[in-house]
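Residue-level structural notes
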Amino acid sequence: MRTKHWQEQFPYLLLAFFSALLSLFLGWTAYAERINNNFYDLYFRQRGPRPSGHGIVIVAIDDAALARYGALPLNRSLLAQAIRKIQQAQPRLLAVDLLLAEPSTAVADQELAEALAGPRPIVLATALEATGEARWLNPLPEFARHAAALGHAHADPDADGVNRSVLLAKQGGQQRYWALALECFRIFRADSSQPFLETDDALVVPADSPAGNQIPAPRRSQRALLINYAGGNETFPQISLATILNNSAGSQLQGKIVFLGVTAQGAGDRLFTPYSAGIGMAGVEIHANILHTLLTGAYLRPASYAAASLSVLLISILTALALAWFQGRWLILLLAGLGIAVLGVPYGLFRAGIALPAFSLLLPFGTTVLFCGAYQLLLVRRKWTESEGKRERSRRQFEMAAHEIRTPLTAIQGSSEVLRRYNLDDSKREQMIRLIHEESQRLGNLVERFLRVERLSAGEMELQRVPVDLPPLLSGVVERLRPAAERRAIRLACENNGTVAKVLADRELLEFAVSNLLTNAVKYCPSGSSVKLVLERHGKQMQVHVIDNGPGLTPEERRRIFDRFYRTEAAERSDVPGFGLGLSIAREIALHHGGELQVESTPGVGSRFTICLPIATVVNSS
Ligand code: ADP
């Protein structure tokens, strides 16, 4: 596990919120709804059929019956006969899923009315006319008179044609009807025609009130109820109408709730359900499924928006934190676990009766992995580039050190070789030995200084501050550089405007900084120029100016001059050796002393580099 500061986790959390918002937005789209529905259907198929007891039997006007008794609409006196036979079998109740709004022959209608008047309660179907506006196709009054209730036989498939819910209440004109299956349920439960108790979120059968079987059908969705299908086609026992008319199935109906309706394939009254694979389910069987849902009380409640939104946020945050805290094998394991949970939990909840939109939960998981993953990739890339830069820089530093070391080494090697080969007189010998000693000392100092500045800039070392008298330090630097300046016919001058002040400084590093500025002036100015080193006091600061009338710098060059390894184009083109490190080191030294290094320059006129240092004690002012 990576330990991280909250600042490092903040971008992950920010991305998590963004992913959650985006997922909520995308979750609203029709596309997401379609995939959510596919998951929902998959859960049904995964769960398999539920026990389909509860005494529901379908008397099916199936293909066999139609083959035998002619096409639809079924001959009304045959229907009357069938209902009479069903009545004789003493079912618990009978629901007729056939519209009986049109008259037939007077004799046949009379016959059917008599059959309907039998002893067992009957629920008849009604429906809104398909084309006209809001006209209910109620059974003829002589039929309706004998019905315990009328229930609407409408189905309300989703946009993809799959019937997942039923509108328990259907309004048409002034009239509102409850669903056929709900009316059956009321009669079964309460054996009364008392109205339902209606709350905003549920319906309650009077016999079950106050707290009993609450049917989760909110008013705002026209009392839509998710149908908890008991299984695919023909999950409920079906008896063909032909068998009933043959007198051979009476005993199977006793005490049962009987649905009478059309199941014949050719009749067209078929709708897709989550279980459907090609062939839809007969409308009458869907009513049976609705009643089964009501009877078992195994409701599927859609999760509230608040719960779904919170889940989205939670998933985003957990995914982002996993990405922020873990890496490698653990991260893969965690993400796999989270992914499985995101897929599995909605299924578990589905089995427990809560319908959560599974794809809407996968979305925040996916988008968070995507965004945080991309962010991590960028971060890794940046770190890689940084470390590449560091490696390159240390390679160059190494080259520079090697270059600087080579000069004194050559002198040492040459002198020792002369000593070894030739028998020199004492004074020559002495001279050679002094040279070796001085050069090796210089070499040692060089390595030491290089390492010190490196450690200093890495924050691994403190300055070794001592009170430093600036004038002698500066004239020392000037004198050391004079031979090099003279070789290039450059006039070197050192001016002190009279102030003698001490600063608290690391002598060696300060010397290096000043020497670097002066070396640069000598290196980059053309022969015949003049270079001045001026010391002056400015308020509480001592200022060391190195002024030349060399090539000068453009504003862009001035801006970049203190970057490590930066050299002007002119310097790169010239054969003046350099690595573009001196000024950056000199500036760092000035900053570590609580001062700064400034530059003023005009191309073609010259440059002025100034080291400003805070004064420690003023020894003498004249
Ligand atoms: P180096 O001299 O090794 O290249 P520096 O960091 O000391 O590295 O200088 C960086 C660059 O600044 C030099 O390469 C040169 O282009 C430019 N520069 C420094 N001093 C002067 C100067 N006095 N006049 C003109 N250009 C300068």
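So, how was this worked out
Once a new chain begins, its residue numbering starts again from 1 and follows that chain's sequence as written. Owing to the predicted nature of the model, reporting of local features is limited to residues with pLDDT of at least 70; listing and counting of side-chain atom pairs is limited to 80 or more, with chain, interface and lining totals taken over all residues. Heavy atoms throughout the structure, all of them, feed into the side-chain values; hydrogens and water do not. Residues are classed as near a molecule or strand on a simple rule: at least one heavy atom within 4 Å of it. Here a polar contact means two N or O atoms within 3.5 Å. Within protein one must be a hydrogen donor candidate and the other an acceptor candidate, and residues neighboring in sequence count only if both atoms are side-chain atoms. Accessible surface is estimated by sampling points in the Shrake-Rupley manner with a 1.4 Å probe; for residues, cover comes only from the protein chains shown. Secondary structure follows DSSP: runs of H or I at least 4 residues long count as helices, runs of E at least 2 residues long count as strands, and numbering of each begins at the N terminus. Residue classes follow a fixed rule: Ala, Val, Leu, Ile, Met, Phe, Trp, Tyr, Cys and Pro count as nonpolar, while Asp, Glu, Lys and Arg count as charged, and any other residue, Gly among them, counts as polar. Between rings of Phe, Tyr and Trp, where Trp is taken as its six-membered ring, a pair exists when centres lie within 6.5 Å; planes separated by under 30 degrees are stacked, by over 60 edge-to-face, and by other angles tilted. Partly exposed residues are those whose accessible area sits between 20% and 50% of the maximum for their type, while under 20% is buried and over 50% is exposed, using a 1.4 Å probe and protein chains only. Throughout this description, the term nonpolar core refers to a set of buried Ala, Val, Leu, Ile, Met, Phe, Trp, Tyr and Cys residues connected via side-chain atoms within 4.5 Å. Pairs of residues are marked as contacts when any of their non-hydrogen atoms sit within 4.5 Å.

**Some details on the site of the ligand**
Near the ligand you find 21 residues, and of these N520, Y524, R567, T568 and L583 are the closest. Separating an oxygen atom of the ligand from a side-chain N or O atom of N520 is a distance of 2.8 Å. Note that an oxygen atom of the ligand is positioned 2.7 Å from one of the side-chain N or O atoms of T568. Protein contact buries 96% of the 530 Å² of open area that the ligand shows by itself. Mapped onto the shell around the ligand, the elements with two or more residues apiece are helix 15 (507-524), helix 18 (582-592) and strand 24 (606-620). Class assignment of the residues belonging to the shell around the ligand gives a composition of eleven nonpolar, seven polar and three charged.

**Some words on the packing of aromatic side chains**
Each aromatic ring pair is summarised here by two numbers: the centre-to-centre distance and the angle between the ring planes. Under the definition given, this model contains 13 aromatic pairs. On the numbers, 5.8 Å between centres and 85° between planes, the contact of Y40 with F350 is edge-to-face. Note that Y40 is positioned in helix 2 (residues 30-47) and F350 in helix 11 (residues 328-351), a separation of 310 residues in sequence. Take Y40 and F350: they sit in the same class, and that class is buried. Measuring from centroid to centroid gives 5.0 Å for W178 and F196, while their planes differ by 80°, and the two rings are edge-to-face. Of this pair, W178 sits in strand 7 (residues 175-178) while F196 sits in the loop between helix 7 (180-190) and strand 8 (197-198), and the two are 18 residues apart along the sequence. On the basis of relative accessible area, F196 is assigned to the buried category, the value being 6%. Three or more aromatic residues joined by ring pairs form one cluster here, namely F39, Y40, Y43, F44, Y229, Y275, Y347 and F350.

**Concerning the nonpolar core**
Within soluble globular proteins, side chains that are nonpolar tend to cluster in buried spots. In terms of nonpolar packing, the biggest core is built from 56 residues, with L168, L182, I215, F259 and L291 touching the most fellow members. For this core, the element with the most residues is helix 9 (residues 283-296), which contributes seven residues. The residues touching L291, leaving out its near neighbours within four places in the chain, are I56, A181, C184, F185, I257 and F259.

It is worth stressing that arrangement in space is one thing and function is another; only the former is reported here.
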